[in-house]
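Single-letter residue listing:
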Amino acid sequence: MNSNEIYNLLKSFFPDAVIDYKDDKPVEPYIIVSAKEIDKICLFLRDEENLQFDYLSCLSSVDYDNDNLAAVYNLYSFVHNHKLNIKVIVPKSDPVIKTVSSVWNTANWHEREAYDLMGIIFDEHPDFRRILLPDDWEGYPLRKDYKVQEFYNGMKVPY
Amino acid sequence: MRYLNRLDSKIKQYEHGNFVVTSVDKFLNWARLSSMWQMTFGLACCAIEMMATSASHYDFDRFGIIPRPSPRHADMIIISGTVTLKMATRIKKLYDQMPEPKYIISMGSCSNCGGPYWEHGYHVLKGIDRIIPVDVYVPGCPPRPEALLEGVLKLQDKIRNQSTYKKNKA
């Protein structure tokens, strides 16, 4: 199935949670869904007979620099050899998204990384803490408005 | 006699051998510089070059440098690679566990001054000398094994001229 057909199928099952379908070439088409329903939608995408997205290729995060953050899910199905991109857009003031680590275990570390570097909070994640930076680090370095802290544990950080 | 000449070129040898006369400083320095056991510690791509240096082709061992698995066995540590702030905390801890006298070689641009991360590397310590004192800086990105060996020889020179009793002479 192509992305448009998948969108129509999803829209019939989740009329409120599936927000939009974008196909701005040359960018790959993507579906925008609601942050609160992403876990149910992902479970559906994984288990539905003619979708079977059994592989989360990547989960990454974006700062749009307009008070919005996004998580991007790249899905792939080894069974049907089709793929899908999903975006969840959340405001910077309340960047909370339901975890999908119960659907694909891969998401566990990817979500921790998105939290570590972009500050997106994944609700109901089983082991939610920073993954790369030290636990006492201040701020989220990949945000556009990130300012480096002057000192870390008494060590000067800027050059 | 060859080894003793390395200890002191003007060494006094007596007719029937068996004993020599030298100064305490020269004897201690000779012992120290001839068996600088280094702590097994690799950080980034520089560590690959350091491993190449300790392998048979370049052979660290001929300078008495043997990797040790514990900081408490070590006389020397080669900071070989990018020091992140998270790692810097651990390095300080390891350095504090090493017994005196201890020496540090900073290997490569990253540990000298932050290297390619100097401006945008929010997570990188801009020079290991911000937390621990460095004896020899080896430039390069990464330095070739020859460069690291040169650094080791420079450190040996430094140890050869230090004084245990006259601190400010060294």
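Residues numbered from 1 in each chain as written. Chains lettered and ligands numbered in written order. Predicted model: local features only at pLDDT ≥ 70, side-chain atom pairs only at ≥ 80, totals over all residues. Heavy atoms only, no water.

Draft legend 1. Inspection of the pattern of salt bridges at higher detail. Within the structure shown, the criterion is met by 16 salt bridges over all chains. Note that Asp 127 of chain A and Arg 112 of chain A form a salt bridge whose closest N and O atoms lie 3.4 Å from each other. Highlighted residues: Asp 127 of chain A in the loop between strand E7 (121–123) and strand E8 (151–152) and Arg 112 of chain A in helix H3 (residues 107–118), separated in sequence by 15 residues. Look at Asp 127 of chain A and you get partly exposed, because its relative accessible area is 29%. Among the salt bridges present, the one from Lys 158 of chain B reaches Asp 135 of chain B, with a minimum N-O distance of 3.0 Å. Of the two residues, Lys 158 of chain B sits in helix H6 (residues 145–160) while Asp 135 of chain B sits in the loop between helix H5 (108–113) and strand E7 (136–138), which places them 23 residues apart along the sequence. The network of salt bridges with shared partners includes Asp 63, Lys 92 and Asp 145 of chain A. (Salt bridge = Lys/Arg side-chain N within 4 Å of Asp/Glu carboxyl O. Helix = DSSP H or I, 4+ residues; strand = E, 2+ residues; numbered from the N terminus. Buried < 20%, exposed > 50% of the residue type's maximum accessible area, 1.4 Å probe, protein only.)

Draft legend 2. Fine view of the nonpolar core. Residues Leu 10, Ile 38, Leu 45, Tyr 73, Leu 75, Ile 97 and Val 100 of chain A are the most contacted members of the largest nonpolar core, which totals 37 residues. At the level of secondary structure, the elements contributing two or more residues to this core comprise helix H1 (3–13), strand E1 (18–22), strand E2 (30–33), helix H2 (38–47), strand E3 (55–63), strand E4 (68–77), strand E5 (82–91) and H3 of chain A. Among the elements that take part in this core, H2 of chain A stands out by supplying 5 residues, more than any other. Leaving out residues up to four positions away in the same chain, Leu 75 of chain A has contacts with Leu 45, Phe 53, Tyr 55, Leu 56, Ser 57, His 82, Lys 83, Leu 84, Ile 86 and Trp 104 of chain A. Leu 117, Tyr 146 and Val 157 of chain A together with Met 98 of chain B belong to the second-largest nonpolar core, a separate cluster that totals 25 residues. (Core = buried A, V, L, I, M, F, W, Y, C linked by side-chain atoms within 4.5 Å. Contact = heavy atoms within 4.5 Å.)

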